[in-house]
Amino acid sequence: MKSAPSIAFDYRPAPAIVALAGAIVAAAAAAAWFSAAPTALRAAVSVAATLYGIVALRRFVRVRFARIAYRASGWTLVDADGAEHAARLASHTRHGAWIALDFRLDGRGGFRALVGPGNADAETRRRLILLLSRAEVVQTG
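Residues numbered from 1 in each chain as written. Predicted model: local features only at pLDDT ≥ 70, side-chain atom pairs only at ≥ 80, totals over all residues. Heavy atoms only, no water.

Enquirer: Would you explain the sheet that holds strand β5 (residues 98-105) in this entry?
Expert: As a general point, the strands of a sheet are linked pairwise by backbone hydrogen bonds and lie either parallel or antiparallel. Pairing is antiparallel in the open sheet, where six strands are placed in the order β1-β2-β3-β4-β5-β6. A single partner strand is all that each edge strand has here, and the edge strands are β1 (7-10) and β6 (109-115). On average, each strand axis in the sheet is tilted by 30° relative to the strand beside it, whichever way the strands run. Pairing geometry for β5 and β6, over seven bridges, is antiparallel. Residue pairing in the sheet places Phe103 in a bridge with Phe111 of β6. (Pairing = 2+ DSSP bridges. Helix = DSSP H or I, 4+ residues; strand = E, 2+ residues; numbered from the N terminus. Axes fitted to C-alpha atoms, helices over the stretch in contact; angles between N-to-C directions.)

Structure below.
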């Protein structure tokens, strides 16, 4: 008898994505200074872009779940305290070496994970791609 496919891996945001997002925030803050707007408006836009960027980066870096697992019972997200939460994979997308996973949790909203070279090894990503493609065949077939 064939066993059900399973995978489990620790999740943390990829450092390359954090660095790239930080550079975009800096560019957005600097862009206001290249306009012909009054100085006060340029300063306000620059500060607003910086604050929004810091808040968004902080939310991205402070993940709610430290581990993602798929077992015979379905998807499970494990928080920092070790508590397991059942989840449903709402969607997934592959962009080159990166895989975006969008989970839905009962009564707790959603959780999005971006898995790539910076936070998962090549073998884990390969197994995840195979698992997701196998799940698509089951859903459509």
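Enquirer: Is there a simple way to explain the side chain of His85 in this structure?
Expert: Mapped onto the fold, His85 is located in strand β4 (residues 84-95). In this structure the side chain of His85 is engaged in a polar contact, spanning 3.0 Å, whose partner is the side chain of Asp79. Sequence-distant contacts of His85, that is, excluding residues within four places in its chain, are made with Phe65, Trp75, Thr76, Leu77, Asp79, Leu105 and Arg108. (Polar contact = N/O pair within 3.5 Å; in protein donor to acceptor, adjacent residues only side chain to side chain. Contact = heavy atoms within 4.5 Å.)

Enquirer: Where do I start with the pattern of salt bridges in this structure?
Expert: A side chain with one charge can pair with a side chain of the opposite charge if their charged atoms come near. A full pass over the atoms with the stated rule returns five salt bridges. The salt bridge partner of Arg112 is Asp102, with a shortest N-O separation of 3.5 Å. With Arg112 in strand β6 and Asp102 in strand β5, this pair connects stretches of sequence that are ten residues apart. Taking relative accessible area as the criterion, Asp102 reaches 10% and is therefore assigned buried. Residue Glu123 is joined to Arg126 by a salt bridge in which the shortest nitrogen-to-oxygen separation is 2.6 Å. Linking Glu123 with Arg126, this pair stays in helix α3 (residues 122-140), spanning three residues, or about one helical turn. Looking at Glu123, the relative accessible area reads 41%, which means it is partly exposed. Using a relative accessible area of 41% as the deciding quantity, one classes Arg126 as partly exposed. The network of salt bridges with common partners includes Asp102, Arg104 and Arg112. (Salt bridge = Lys/Arg side-chain N within 4 Å of Asp/Glu carboxyl O. Buried < 20%, exposed > 50% of the residue type's maximum accessible area, 1.4 Å probe, protein only.)

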